[in-house]
Amino acid sequence: MLNTSRIIKFTVFSLLLFVFGCKDTPSKSDHAYTNRLIDETSPYLLQHAHNPVDWRPWSDSALEEAVAANKLLVVSIGYSSCHWCHVMEKETFADQDVALLMNEHFINIKVDREERPDLDHIYMTAVQLMQGSGGWPLNVILLPNGKPVYGGTYHTNEQWKEVLDKIINLYQTDPQKLTEYADKISSGIHATNVIEPKNDDAHLTKNTLDLSVKNWQKNWDSKWGGDLGNQKFIKPHSLDFLMDYAALTGNDTIKKHVENTLDRIASGGIYDHVGGGFFRYSTDPHWEVPHFEKMLYTNAQLISLYSKAYKVYKKTRYKTIVKETINFLEHEMKGQNGGYHSAIDADSKGKEGGYYQWKKEELKLVLKEEYSIFSTYYNLGVSDSTEKEASLIIKQSSNDSIFSAQNNILPEKLALLKTKWQELLFTERQKRVSPAIDDKVITSWNALLINGFIDAYKALGNKEYLTKAIALSDFIDTNNTRNDFLIHTYKKGSTQQEGFIEDYALLIDATINLYSITGETKYLDRANNLHTTTSTHFADSVTKMFKYTKESKLISTLIKVDDGVIPSPNAIMAHNLKKLGILNYDNKLTEKSKQMLSSMAIYLTDNAKDFSKWSALQLHTVYPFYEIVIVGKKADSIADIFNSYYIPNAIVVASTQESSLPVFKNKYIEDATFIYVCQEGACKLPVQSVEQALKQL
């Protein structure tokens, strides 16, 4: 976590803290209890609408009531596809004794972290300061002023009652002690959001970049790929940066580490070999046993990553993964209105991963005489199961060429067998009770998918993918925009939450990419307009970064600079500023980008894994970053050629006619097509062939 070396680590009361974890729409009929969540549209909140706990959504009125009644608040944060959120709901929040205790002494608020990532970031920081780690469900107890006095994750019924009793007693007997503690934690939260603005670029060198990667490299898992750890999350933005770094520095060791990681992920149980798409993370170091929820942001970013990797490594397996993941999203996560839903639950019929796992006898019945060769090809891992007959997770044992040679099967025959097995198992699996889908359409996550479609189009040349990117952009403009501002989530009938900086940053990025790939100036205009909004409403005068929220009513201004499951929105904004500066010939924007990077430079050397999107910007700063400008009748077809290549340090723009945009000024010549290789407006002599232009790079 940012600034932890400068933050005093506070000691929490001797309350037990425990391991962390992470449906239907209810109606008022046939339920003993109905609370104020019944009027919400979030599937996660609706999962708690019939708890005896008097839950309510986060609101000003709830906070005002806490102040007026001098009551503590319980804020419980989770998301619809979180397994341990479901467990705590059933074990604890559905219990009448727990509800009596909570209702008498607390104002109780349920938060969907996907609707309110600002609240999640603030109170996750609090729990990390208290405990050193966090997770979901995230349960915090606050003073009436919103400052946290306790934070934890999953609790059993008895554990939660013990926590509540101790906090109630402290609040009644020694409220000053709680207030002093809450002030310290709040100061710590504030400190994590303080970035000292700098303009010194002394740290922005190739040597410092090399050192940060070397320090990070010590924590890599050389056998299984990724970073060392008992659990493994796929970090697409990190692998994307390392791929570019390896290319520009000629580092084959890093190139092979990325390839090994991609191969291990692709063959492991974290990839759904039957239905396509990726699960959220692996519960083991080998990518074998996943935590079974599927998230849009995971799959959107991995479409981009494997598309790019296909251009680098030319592996057919990567191309297949891109196609299968897109097909999965189309069939499982696309709404009827055209937006893509946020998540698919980990649980089915109350069992985590039950939808995706198999008994040996099931497989034998479906595959018949081909079970033997199937079980050899897919190294059937055993999940953590208490049942007599273990459930099996399908994962690949080796690459196809090795398997074909070892088992005397022609590659063409193996390919046909795999397709057949996949179809048989997919058909059989669809007979099961499907996991619930969270049908919120989140702007930032859908923007990631726009980029995924664009990157797939560049790598595979399938124009259908570009059509999908354009359609999704149109959907966001129509449904996730209100009065020229973005909203964070869309769902019919929902109370729309104003967009956060991650929504603007990622949509600007996607819109710049749409402009680059289509040449349509409306996308550049849209990116410029969105940037104006962020500069006007999100700029922070103290840190010179961008605030997470347009208006903050929280206990601290939130400045999100480190990467999480999606890249840092401030890092994305810095990339956007660089590109918009180049396209608009606006040096103020490029200087602003460099100033933001300068402020982050001191954090990169020892923490590159948490700031890989900033490291990517540093890479584009210490190495040349080009704009490839193509003008003339053949501009579009030539641009397609450039986009099909792996060029880690360039943006391609094209125009088939004379344009008034600054990047095309004085470059158009009638009846000819020219390619200009430029750096921040300074161009080399124009050439007419792709080969000549590539030599200039």
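Summary of the structure given here. Remember, it's a predicted structure, so these values are computed and weren't measured experimentally.

1. A closer look at the packing of helix H9 (residues 236–249) against helix H23 (residues 612–622)
So, step 1. Look at H9 against H23: their axes get within 9 Å of each other, and the N-to-C directions meet at 25°. Taken together, the axes of H9 and H23 lie roughly parallel to each other. Relative to H23, the crossing made by H9 is left-handed. Of H23, the residues touching H9 (which contributes His-237, Ser-238, Phe-241, Asp-244, Tyr-245 and Leu-248) are Ser-612, Ser-615, Ala-616, Leu-619 and His-620.
So, step 2. Residues of the contact of H9 with H23, tallied by class, amount to 5 nonpolar, 5 polar and 1 charged.

2. Points about the side chain of Ser-473
So, step 1. Considering the arrangement of structural elements, one finds Ser-473 in helix H18 (residues 463–479).
So, step 2. On the accessibility criterion, Ser-473 (4% relative accessible area) is buried.

3. With respect to the nonpolar core
So, step 1. By size, the foremost hydrophobic cluster in this structure holds 191 residues, and its most contacted members are Ile-141, Trp-160, Tyr-306 and Trp-614.
So, step 2. When near neighbours in sequence (up to four residues on either side) are disregarded, Trp-160 contacts Val-74, Met-88, Thr-92, Phe-93, Val-98, Met-102, Asn-139, Ile-141, Tyr-150 and His-155.
So, step 3. Grouped together as the second largest cluster of nonpolar side chains are 18 residues, Leu-363, Leu-392, Trp-421 and Leu-425 included.

4. Considering the side chain of Thr-511
So, step 1. Residue placement: Thr-511 occurs in helix H19 (residues 501–518).
So, step 2. Excluding its chain neighbours within four sequence positions, the residues that come into contact with Thr-511 are Tyr-523, Arg-526, Ala-527 and Leu-530.

5. Details of the packing of H18 against H19
Two packed helices can be described by the angle between their axes and the distance between those axes.
So, step 1. At their nearest, the axes of H18 and H19 sit 11 Å apart, and the two run at 135° to each other. The orientation of H18 relative to H19 falls into the category oblique. Helix-helix and strand crossings are classified by hand; for H18 and H19 the assignment is left-handed. Taken together, the residues of H19 that come into contact with H18 (itself represented by Leu-466, Ala-469, Ile-470, Ser-473 and Ile-476) are Leu-507, Leu-514, Ile-517 and Thr-518.

6. Things to note about the sheet that holds strand E8 (residues 290–291)
So, step 1. Read from one edge of the open sheet, 3 strands run E6-E7-E8, paired in antiparallel fashion. Each having just a single partner strand, strand E6 (232–233) and E8 make up the two edges of the open sheet.
So, step 2. By the bridge criterion, 2 bridges tie strand E7 (residues 281–282) to E8 in an arrangement that is antiparallel. Bridge pairing in E8 places Ser-282 opposite Pro-290.

7. Considerations on the state of the cysteines
So, step 1. Evaluation of the coordinates by the stated rule reveals 1 disulfide.
So, step 2. With a sulfur-sulfur separation of 2.0 Å, Cys-678 is cross-linked through a disulfide to Cys-683. On the sign convention where negative is left-handed, the bridge of Cys-678 and Cys-683, at about 95° about the S-S bond, is right-handed.
So, step 3. Relative accessible area serves as the criterion here: at 33%, Cys-683 is assigned to the partly exposed category.

8. So, the pattern of salt bridges
So, step 1. Within this structure, the stated rule accounts for 38 salt bridges.
So, step 2. Where Asp-54 meets Arg-56, a salt bridge forms, and the shortest distance between an N and an O atom there is 3.6 Å.
So, step 3. Among the salt bridges present, the one from Asp-477 reaches Arg-526, with a minimum N-O distance of 2.9 Å. Of the two residues, Asp-477 is situated in helix H18 and Arg-526 in helix H20 (residues 521–537); the sequence distance between them amounts to 49 residues.
So, step 4. The exposure class of Asp-477 is partly exposed, given its relative accessible area of 32%.
So, step 5. The class of Arg-526 is buried, set by a relative accessible area of 18%.
So, step 6. Each of Arg-36, Asp-54, Arg-56 and Glu-65 takes part in a single network of salt bridges with overlapping partners.

9. Some remarks on empty space enclosed by the protein
Once rolled over the atoms, a probe with the size of a water molecule shows which space is left empty.
So, step 1. Taken as a whole, the largest cavity spans an internal volume of roughly 900 Å³.
So, step 2. Forming the boundary of the largest cavity are 38 residues, of which Asp-240, Lys-308, Asp-455, Asn-513 and Lys-579 lie nearest the centre.
So, step 3. Listing elements by their share of the lining of the largest cavity, those giving two or more residues are H9, helix H11 (296–313), helix H17 (443–460), H19, helix H21 (569–584), H23, helix H24 (635–644) and strand E21 (650–655).
So, step 4. Among the elements that take part in the lining of the largest cavity, H11 stands out by supplying 7 residues, more than any other.
So, step 5. Split into classes, the residues belonging to the lining of the largest cavity amount to 18 nonpolar, 11 polar and 9 charged.

10. Things to note about H20
So, step 1. A rise of 1.5 Å per residue sets the reference length of H20, with its 17 residues, at 24 Å; its end C-alpha atoms lie 24 Å apart and thus fit the reference within 8%.
So, step 2. Three or more residues of H20 are buried, namely Tyr-523, Leu-524, Arg-526, Ala-527, Asn-528, Leu-530, His-531, Thr-533 and Thr-534.
So, step 3. Contacts made by the buried residues of H20 are with H18, strand E17 (481–482), strand E18 (485–486), H19, H21 and helix H22 (587–607).

11. Overview of the environment of Lys-206
So, step 1. If you trace the backbone, Lys-206 turns up in helix H8 (residues 206–217).
So, step 2. For the pair Lys-206 and Leu-72, spaced 134 residues apart in sequence, the C-alpha separation works out to 52 Å.

12. Side note on the sheet that holds strand E5 (residues 148–152)
So, step 1. Within the open sheet, the 5 strands sit side by side as E1-E3-E2-E4-E5. Their pairing is mixed. Only two strands of the sheet have a single neighbouring strand rather than two, namely strand E1 (55–57) and E5. Along the sheet, successive strands turn relative to each other by an average axial angle of 25°, direction set aside.
So, step 2. In this structure, strand E4 (residues 138–142) lies alongside E5, joined through 4 bridges in antiparallel fashion. Its bridge partner being in E5, Val-140 is matched across the sheet by Gly-151.
So, step 3. Packing of helix H4 (residues 96–105) onto the sheet brings it into contact with E1, strand E2 (72–78) and strand E3 (106–112), and relative to E3 it is tilted by some 110°.

13. Side note on the environment of Pro-57
So, step 1. Checked against the element boundaries, Pro-57 lands in strand E1.
So, step 2. For Pro-57, the residues in contact, after removing those within four places along its chain, are Arg-36, Leu-37, Glu-40, Ala-62, Ile-109 and Lys-110.

14. Quick word on the packing of aromatic side chains
So, step 1. If you walk through the whole model with that rule in mind, you get 29 aromatic pairs.
So, step 2. On the basis of an interplanar angle of 5° and a centroid distance of 6.3 Å, the ring pair of Trp-216 and Phe-241 is categorised as stacked. Separated by 25 residues along the polypeptide, Trp-216 in helix H8 and Phe-241 in helix H9 bring together distant segments of the chain. Across this residue pair, the class does not change: Trp-216 and Phe-241 are buried.
So, step 3. A centroid spacing of 6.4 Å and a plane angle of 50° characterise the contact between Tyr-377 and Trp-421, whose relative ring orientation is tilted. With Tyr-377 in helix H14 (residues 371–377) and Trp-421 in helix H16 (residues 411–429), this pair connects stretches of sequence that are 44 residues apart. Neither residue differs from the other here; Tyr-377 and Trp-421 are each classed as buried.
So, step 4. In textbook terms, an aromatic cluster arises when at least three aromatic residues are bridged by ring pairs, as seen for Tyr-271, Phe-278, Tyr-306, Tyr-313 and Tyr-318.
So, step 5. Positioned above the aromatic ring of Trp-136 is the side chain of Arg-113, whose terminal nitrogen or guanidinium carbon lies 3.9 Å from the ring centre.

15. Looking at the environment of Lys-147
So, step 1. If you trace the backbone, Lys-147 turns up in the loop between E4 and E5.
So, step 2. When the C-alpha atoms of Lys-147 and Glu-196 are compared, they prove to be 25 Å apart, with 49 residues separating the residues in sequence.
So, step 3. Separated by 2.9 Å, the side chains of Lys-147 and Asp-183 make a polar contact.

16. As for the pairing of E21
So, step 1. In terms of residue burial, E21 counts as a mostly covered element, since 5 of its 6 residues are buried.
So, step 2. In terms of strand pairing, strand E20 (residues 626–631) meets E21 through 6 bridges, oriented parallel. If you follow Ile-630 over to E21, its bridge partner there is Ala-654.
So, step 3. One crossover worth recording links E20 to the parallel E21 by way of H24, and it is right-handed.

Procedures and definitions
Counting restarts for each chain, with residues numbered from 1 along the sequence as it is written. Local features in this predicted model are restricted to residues whose pLDDT is 70 or higher, and side-chain atom pairs enter the listing and the counts only when it is 80 or higher, whereas totals over whole chains, interfaces and linings include all residues. Heavy atoms from the whole structure form the basis of all side-chain values; hydrogens and water molecules are not counted. What counts as an axis is a line fitted to C-alpha atoms, over the stretch in contact for a helix, and the angles between N-to-C directions run from 0 to 180 degrees. Helical segments are the DSSP runs of H or I of at least four residues, strand segments are the runs of E of at least two, and each set is numbered from the N terminus. With respect to orientation, any angle under 35 degrees is reported as roughly parallel, any angle over 145 as roughly antiparallel, any angle of 65 to 115 as roughly perpendicular, and every other angle as oblique. For any helix crossing, the convention is left-handed if the near helix is rotated counterclockwise from the far helix by under a right angle, and right-handed if that rotation is clockwise. Here a residue-residue contact requires only that any non-hydrogen atoms of the pair lie within 4.5 Å. Here the nonpolar group is Ala, Val, Leu, Ile, Met, Phe, Trp, Tyr, Cys and Pro; Asp, Glu, Lys and Arg are the charged ones; every other residue, Gly included, is treated as polar. Only protein chains enter the calculation, and the probe is 1.4 Å; a residue is then buried if its accessible area is under 20% of its type maximum, exposed if over 50%, and partly exposed in between. For the purposes of this section, nonpolar cores are sets of buried Ala, Val, Leu, Ile, Met, Phe, Trp, Tyr and Cys residues that join through side-chain atoms within 4.5 Å. Should DSSP find at least two bridges between two strands, the strands are taken to pair. Disulfide: a pair of cysteine sulfur atoms within 2.5 Å of each other. Salt bridges are defined as contacts in which a side-chain nitrogen from Lys or Arg sits within 4 Å of a carboxyl oxygen from Asp or Glu. Using protein atoms alone on a 1 Å grid, points that fit a 1.4 Å probe yet trap it form a cavity, whereas open point sets bounded by protein on both sides within 12 Å along at least five of seven lines form a pocket; residues with an atom within 4 Å of a point count as lining. Grid points are joined across faces, edges and corners, and a volume is the space filled by probe spheres set on the points. Multiply 1.5 Å by the residue count of a helix minus one, and that product is the helix's expected span. Only Phe, Tyr and Trp rings take part, Trp by its six-membered ring, and two of them pair if their centres are within 6.5 Å. Stacked means planes under 30 degrees apart, edge-to-face means over 60, and tilted covers everything else. We count a charge as sitting over a ring when the NZ of a lysine or the CZ of an arginine lies within 6 Å of the ring centre and within 35 degrees of the ring normal. The term polar contact refers here to a pair of N or O atoms within 3.5 Å; inside protein, the definition further demands a hydrogen-donor-capable atom paired with an acceptor-capable atom, and it admits residues adjacent in sequence only when both atoms are side-chain atoms. Convention used here: a crossover is right-handed provided that the path from the first strand, over the helix, to the second strand proceeds clockwise when the strands point away from the viewer.

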